Amino acid sequence: MSEQTGGTRPDQARDEPAAGEPVTRVFGIRHHGPGSARSLAQALEEFRPDTILIEGPADADPLVGFVAADTMSPPVALLAYVPDSPARAAFWPFAVFSPEWQAMRYGVDNGVPVRFCDLPATNVLAIEDDTRVDRTDPLAALASAAGFDDAERWWDAVVESVPDTAAFDAITEAMAALREDAPTSTNSAAPTAPTRSADPDAPAGTAEPATPIGSGRPATRTEADDLATSTDPLTSSDRESVESAGLEHLLPEAVGAGPLVVDEHTLRREAYMRQTMRQVLKGGARRVAVVCGAWHAPALVGPLGPAAPDMRLLKGLPKTKAALTWVPWTHSRLASGSGYGAGVTSPGWYHHLFTETERPVARWLTKVAGVLRAHDLPVSSAHIIESVRLADTLAALRGRPLAGLSEVTEAVRSVMCGGDETMLRLVVDELVVGETLGAVPENTPTVPLAADLRARIKTLRLKQEALIRTVDLDLRKERDVERSHLLHRLRLLGVEWGTPTVGEVRSTGTFRETWSLRWEPEFEVRIVEAAVWGTTLRTAAEAKILDTASRDGVSVTELADALETALLADLGGATDGLIARLEAAAALDHDVTHLLGALPGLTRTLRYGDVRGTDTKALEHVADGLLVRICAGLPGAVTGLDTDAAEALRRQIDAAHTAVSTRDDTRSTTEWLATLHRIADRDDVHGAIGGRAVRLLCDAERIDDADSARRLSAALSVGNTPAAKAAWIDGFLGGRGLLLVHDRDLLRRIDDWLRELPEDQFVATLPLLRRTFGSFESGERRAIGQALRDTGPAPATAANATAVDPARGQLALRAAASILGAAG
């Protein structure tokens, strides 16, 4: 903590100012540090400011009032975006253990005005080339000086475990020493618009939402408080300054941290902060508290000096329109592993430290035991007690006042997990990082589409959660149908909150859907992006699907899929347009494979329409016309195909056959089976397709067993090559191993054919048949082998089976009469 009065020197910072003079105190913090947050809350109570300035976008001041709402629950983030190009967005996340959040809470709870003092989002979103150099952790220099190879562990040991208001002065003076000889990197080139990385799923002309950022930093940037180190050692004056700051115990004999670079973007930000300080002092503030990243603190303490240099530095900054709001955030997005420049490695642990002040280690290890038990792992109370003892012992051996994350993690690994890293990973994912999702008030300013989503979520009693949750929907219930419509509409708009999956409840009908739900903070940006399509989820989804269908080059299959999606999402306003587009495209498309690909989706649409009570009469006409064109063109499309093309077409024929059977329309079925019969009768068809046509006709009872046996014999005749024979068998069997188990005559025919093959033909045919039999289930293959071993003489013919032996019949009758007489 540093104190500034009118014209005092920094070394007089703690002296009391003259009567009537304004007082400014600068609190250099680490973003998302629970120790900093607790110390800051205590320091504000002691200082009693009348104005609080916080590092953050200056144009977000109107949103501070929402912090006082009962329904505002961190982690949350300020979202800034360009209304005309929502993908250009930036986030400023806050957790309950973030010092900035505690400063805002102090302000709203005590009636103290709170303002943000960093560059406005209008500038942040317009700046691209801010001439910054690559940097590492902002406290890496001090951690290295203390002999720590991990800045997180150093901060945890020095600050988080021992909160103290005096730490602000020490850290500020240490940062001043590190900045004293830091060169300044400047560039006079005018900044331009932000660089945007392409998103293949985003609409044309947009880009994917940028990576989450920390206070005062746009999403596409690394955290401004990150600071680079080099191999040059600290100077002697640096060492003296660090020692005078009370951190001499951190300095080993050999110091590895080097001079740091202050880039132009950092200078601009600090200039804007000083300008904001001048404004509030000029406005009559007498006791000003400034909360900023520790790296900036030395630039804000002491006399502010003339404003002209700062005005020149800020002159000409690019600007763009920006809209700001609060959005929910998650602990996992606060983690450095998510790519967040100012992230911490253990947000869940930091939340625990801040909220659990009584026996935090014991309470933490109790939570760990609960997580492991939830995964059916045996953890007893004795494990917890022994883990607490081990963590405390490790802390004592390392000279720490309280066990930190490294100590409790080692205790968990050793005692509860038995050295199993997989079990430890469960703890890290669910507790150390965590998936807590924040909440914002319903009246938070936002686009109409997001407001409609909130209202629908509330009405349907859904819950936005960061953890994956499986939901089974029964489409016979009105509320579940509406939930299904909501999730399908969101997917259509690019918001993958729900992913269709296979549920634990077995069902062969169409009245059940299973979804895997997980809410991601980035969805807030996608909702803003989707707002260009409409003000409600229904109208936005209808507009987008119609726009997609009207684009050039859209295939019949894609249109059929779009029509199915429209039905699933209950987009009645788009159905007529899609049907008209599908009819036009089908009439102009002469590729039978395209028409075959569209038929299954169209049939599913008809089927789902029956379940959901949707009027699908218009679709029947489209489906009928599609099938007529398929039946007319398919016999001519099956000739002259190589093996790959034939197998691909066979899969499409299978899907189309299933679709026709599912529809259960007599006229359609008759036309389709007649087409298959024409294909089966042709000699110039690839065996994979000819064999499959015979199989499908046999299953539909359009040809009998004798006819299929004749066709099999013809396919295995001398005139065909071994490859053609194997392909026919593959098409005929098609993964149906049980057919050979139950039809011994068919099995015997194939076995006899293989036995009679010459060695060279057998070798050529074996790989093809191996692929066919390899597609059978292991149990089917065993049953086929057993059937071959059990196969005896040929079964009796039908004539022999019906012949009667009179002599044996008389014997049987006498025996029956004797039994009946005895019974009487």
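So, a few notes on the structure that sits alongside this text. Just so you know, these numbers come straight off a predicted model, no measurement behind them.

## Comments concerning the overall build of the protein
- A count of helices and strands for the protein gives 35 helices and 13 strands.
- Summing over all exposed atoms, the protein offers an accessible surface of approximately 37200 Å²; the carbon and sulfur share of this is 52%.

## Observations regarding the layout of surface pockets
- Size it by volume and the largest pocket reaches roughly 500 Å³.
- Considering the residues around the largest pocket, the lining is formed by 19 residues, among which Ala439, Val440, Arg454, Ile457 and Gln464 are closest to the centre.
- Within the residue set of the lining of the largest pocket, elements represented by two or more residues are helix 17 (448–459) and helix 19 (523–530).
- With 5 residues, the single largest contributor to the lining of the largest pocket is helix 17.

## Here's the deal with the environment of alanine 170
- By the element assignment, alanine 170 lies in helix 6 (residues 167–180).
- Considering only alpha carbons, one finds alanine 170 and glycine 28, 142 residues apart in sequence, at a separation of 9.7 Å.

## Some thoughts on the packing of aromatic side chains
- For the structure on display, the rule yields 8 aromatic pairs.
- Judged by centre distance (4.7 Å) and plane angle (45°), the rings of phenylalanine 91 and tryptophan 329 are tilted. With phenylalanine 91 in strand 5 (residues 85–94) and tryptophan 329 in the loop between strand 10 (323–328) and helix 11 (331–334), this residue pair connects regions lying 238 residues apart in the sequence.
- Taking relative accessible area as the criterion, tryptophan 329 reaches 0% and is therefore assigned buried.
- Ring geometry for tryptophan 101 against tryptophan 326: centres 6.3 Å apart, planes inclined by 85°, an arrangement best described as edge-to-face. Note that tryptophan 101 is positioned in helix 2 (residues 99–110) and tryptophan 326 in strand 10, a separation of 225 residues in sequence. With respect to class, tryptophan 101 is no different from tryptophan 326; both count as buried.
- Sitting over the ring of tryptophan 295, arginine 179 keeps its end group 5.0 Å from the ring centre.

## Here we look at the nonpolar core
- Ranked by internal contacts, the top residues of the largest apolar core, which has 74 residues, are Leu365, Val408, Met416, Leu486 and Trp497.
- With 8 residues, the top contributor of residues to this core is helix 13 (residues 360–374).
- Apart from residues no more than four positions distant in its own chain, tryptophan 497 is found in contact with Ile457, Leu462, Lys463, Gln464, Leu486, Leu487, Leu490, Ser516, Leu517, Arg518, Trp519 and Phe523.
- Membership of the second largest hydrophobic core comes to 62 residues, among which are Ala569, Leu606, Leu627 and Ile703.

## Some points on unusual backbone geometry
- In this structure, proline 75 follows proline 74 across a cis peptide bond, with omega equal to 10°.
- Inspection of the secondary structure assignment puts proline 75 in the loop between strand 3 (51–57) and strand 4 (76–82).
- Although it is not a glycine, aspartate 376 adopts a positive phi angle of roughly 60°.
- When you line up the elements, aspartate 376 lands in the loop between helix 13 and helix 14 (381–397).
- By relative accessible area, which is 72% here, aspartate 376 ends up exposed.

## Details of the packing of helix 12 (residues 347–355) against helix 13
- Remark: helix 12 packs on helix 13, axes separated minimally by 10 Å, with the N-to-C direction vectors making an angle of 135°. Judged by the inter-axis angle, helix 12 sits oblique to helix 13. The way helix 12 lies across helix 13 gives a crossing that is right-handed. Residues Gly348, Trp349, His352 and Leu353 of helix 12 touch helix 13, and the partners they reach there are Pro360, Arg363, Trp364 and Lys367.
- A class-by-class count of the residues in the contact of helix 12 with helix 13 yields 4 nonpolar, 2 polar and 2 charged.

## Considerations on the sheet that holds strand 5
- Pairing is antiparallel in the open sheet, where 3 strands are placed in the order 5-4-10. Strands with a single pairing partner mark the edges of an open sheet, and in this sheet they are strand 5 and strand 10. Each neighbouring strand pair of the sheet contributes to a mean axis angle of 30°, computed without reference to strand direction.
- In the sheet, strand 4 pairs with strand 5 via 7 bridges, with the strands oriented antiparallel. The partner of tyrosine 81 across the bridge, within strand 5, is alanine 89.

## Re the sheet that holds strand 11 (residues 469–474)
- Read from one edge to the other, the open sheet built from 3 strands follows the order 11-13-12, with strand pairing classed as antiparallel. Only two strands of the sheet have a single neighbouring strand rather than two, namely strand 11 and strand 12 (498–501). On average, each strand axis in the sheet is tilted by 35° relative to the strand beside it, whichever way the strands run.
- Where strand 11 lies against strand 13 (residues 512–517), 6 bridges are found, and the strand directions are antiparallel. Paired with leucine 473 across the two strands is glutamate 513, which belongs to strand 13.
- The strands that helix 18 (residues 478–492) touches are strand 11, strand 12 and strand 13; relative to strand 13, the one it contacts most, it runs at about 50°.

## A closer look at the side chain of glutamine 275
- Looking at where glutamine 275 falls in the secondary structure, it is placed in helix 8 (residues 264–282).
- Beyond its immediate sequence surroundings of up to four residues, glutamine 275 is in contact with Ala307, Asp310, Met311 and Leu314.

## Details of the packing of helix 15 (residues 405–416) against helix 16 (residues 421–433)
- Axis separation between helix 15 and helix 16 bottoms out at 9 Å; the angle between their running directions is 140°. On the basis of the axis angle, helix 15 is oblique to helix 16. The handedness of the crossing between helix 15 and helix 16 comes out as right-handed. Side by side, helix 15 and helix 16 meet where Leu405, Thr409, Val412, Arg413 and Met416 of the first sit next to Glu421, Met423, Leu424, Val427 and Val432 of the second.
- In terms of residue class, the contact of helix 15 with helix 16 is made up of 7 nonpolar, 1 polar and 2 charged.

## Notes on the pattern of salt bridges
- Applying the stated criterion to the full structure yields 29 salt bridges.
- Between arginine 269 and glutamate 55 there is a salt bridge, and its shortest N-O distance comes to 2.8 Å. Here arginine 269 is found in helix 8, whereas its partner glutamate 55 is found in strand 3, with 214 residues between them in sequence. Glutamate 55 matches arginine 269 in its accessibility class, with the two residues each being buried.
- Two residues, arginine 667 and glutamate 671, come together in a salt bridge whose shortest N-O distance is 3.5 Å. Here glutamate 671 and arginine 667 lie together in helix 26 (residues 666–680), a separation of 4 residues that amounts to about one turn.
- By sharing partners, the salt bridges in this structure join Arg489, Arg538, Glu542 and Asp570 into a single network.

What counts, and where the lines are drawn
Position numbers for residues start from 1 in each chain and track the written sequence from start to end. Where totals are concerned, whole chains, interfaces and linings use all residues; where local detail is concerned, this predicted model gives features only for residues with pLDDT of at least 70, and gives and counts side-chain atom pairs only at 80 or more. The basis for every side-chain value is the complete set of non-hydrogen atoms in the structure, without hydrogens or water. For helices the rule is a DSSP run of H or I covering at least 4 residues; for strands it is a run of E covering at least 2, with both sets numbered from the N terminus onward. In these tables, accessible area is a Shrake-Rupley quantity obtained with a 1.4 Å probe, and a residue counts as shielded only by the protein chains included in the view. With a 1 Å grid spanning the protein atoms alone, the term cavity applies to any set of points in which a 1.4 Å probe fits but cannot get out, the term pocket to an open set with protein on both sides within 12 Å along at least five of seven lines, and the term lining residue to any residue with an atom within 4 Å of a point. Grid points are joined across faces, edges and corners, and a volume is the space filled by probe spheres set on the points. Between the rings of Phe, Tyr and Trp (Trp by its six-membered ring), a pair exists once the centres lie within 6.5 Å; its type follows the angle of the planes, with under 30 degrees stacked, over 60 edge-to-face, and the other angles tilted. When a residue's accessible area, from a 1.4 Å probe over protein chains only, is under 20% of the maximum for its type it is buried; when over 50% it is exposed; and in between it is partly exposed. We call a charge positioned over a ring when the NZ of a Lys or the CZ of an Arg lies within 6 Å of the ring centre and within 35 degrees of the ring normal. We call a set of buried residues a nonpolar core when its members are Ala, Val, Leu, Ile, Met, Phe, Trp, Tyr or Cys and they connect through side-chain atoms within 4.5 Å of each other. Here a residue-residue contact requires only that any non-hydrogen atoms of the pair lie within 4.5 Å. Helix axes are fitted only over the stretch in contact, all axes being lines through C-alpha atoms; the angle between N-to-C directions runs from 0 to 180 degrees. Orientation labels follow simple angle bins: below 35 degrees gives roughly parallel, above 145 gives roughly antiparallel, 65 to 115 gives roughly perpendicular, and whatever is left gives oblique. Crossing handedness: left-handed means the near helix sits turned counterclockwise from the far one by under a right angle, and right-handed means the same turn made clockwise. The nonpolar class holds Ala, Val, Leu, Ile, Met, Phe, Trp, Tyr, Cys and Pro. Asp, Glu, Lys and Arg form the charged class, and all remaining residues, Gly among them, are polar. Strands are labelled as partners when DSSP assigns at least two bridges between them. Only one rule defines a salt bridge in this text: a Lys or Arg side-chain nitrogen within 4 Å of an Asp or Glu carboxyl oxygen.

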